[in-house]
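# What the coordinates show
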Amino acid sequence: GSGSGQFDLVHSIAIDAQGRMYAADRRNHRIQVFDASGNFLDEWKNVGSPTRLVITEDQSLWMSDADYNRFAKFDLNGHRQTYWGVTGKHPGAFDNLHNFAVDADGNLYIADAWNNRIQKFTPKENADKARLIGQKFNLPQ
């Protein structure tokens, strides 16, 4: 469904340091936020078509977006901080961003679904650190 706490094609979830869960509600073009007990807290509307969410060690949320073929960075209150990406078939462009991961060296690996490829991005030495997707946050055991 489309109401609060309802979903239409959940594509990813991420959990922050406070135990809040963020759900990529892809076809409703939003991210829904729940507390650790599953109680609905908030929704971030009109974010595109979120396919993957990652909370990074700095407690930012990074989202891949299949509608706009870009990455977007949010603070944990839903305010977009930055975004980047372009649609296309040439190297560095995307068509249906679907999944991503960052290795220990900061290299970004992207599942570029409709281009049938995986792309690797290596950060330049002078890159704007605020626009680099950082390491995934993992809850302490």
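Placed above this text is the structure.
To start, this report covers the structure provided alongside it.

## Quick look at the sheet that holds strand S7 (residues 70–74)
Across the sheet, four strands lie side by side as S5-S6-S7-S8; this open sheet has antiparallel pairing. With partners counted over all chains shown, the strands left at the sheet margins are strand S5 (50–55) and strand S8 (80–84), one partner each. Taking the axes of each pair of neighbouring strands and ignoring which way they run, one obtains an average angle of 20° across the sheet. Two strands pair when backbone bridges link them, and strand S6 (residues 61–65) and S7 are joined in this way by five bridges, in the antiparallel orientation. Bridged to methionine 63 within S7 is alanine 72.

## Comments concerning the packing of aromatic side chains
Under the counting rule described, the total for this entry stands at 10 aromatic pairs. Between phenylalanine 7 and phenylalanine 34, the aromatic rings sit 5.9 Å apart at their centres with planes inclined by 45°, giving tilted as the arrangement. Taken together, the residues span a long stretch of sequence, with phenylalanine 7 in the segment before strand S1 (10–15) and phenylalanine 34 in strand S3 (residues 30–34) at a distance of 27 residues. Consider the rings of tryptophan 84 and phenylalanine 94, whose centres lie 6.3 Å apart with planes at 55°: the pair is tilted. Taken as a pair, tryptophan 84 in strand S8 and phenylalanine 94 in the loop between S8 and strand S9 (97–102) lie far apart in primary sequence, 10 residues in all. Residue tryptophan 84 shares its accessibility class with phenylalanine 94, and that shared class is buried. Cluster of aromatic residues (ring-pair linked, three or more members): Phe71, Trp84, Phe94, Phe100 and Phe121. The side chain of arginine 52 reaches across the aromatic face of phenylalanine 100, ending 5.8 Å from its centre. Stacked on the ring of tyrosine 68, the Lys or Arg arginine 70 has its end atom at 4.7 Å from the ring centre.

Reading the values: the criteria
Residues numbered from 1 in each chain as written. Predicted model: local features only at pLDDT ≥ 70, side-chain atom pairs only at ≥ 80, totals over all residues. Heavy atoms only, no water. Pairing = 2+ DSSP bridges. Helix = DSSP H or I, 4+ residues; strand = E, 2+ residues; numbered from the N terminus. Axes fitted to C-alpha atoms, helices over the stretch in contact; angles between N-to-C directions. Phe/Tyr/Trp six-rings, centres within 6.5 Å; stacked < 30°, edge-to-face > 60°. Buried < 20%, exposed > 50% of the residue type's maximum accessible area, 1.4 Å probe, protein only. Lys NZ or Arg CZ within 6 Å of the ring centre and 35° of its normal.

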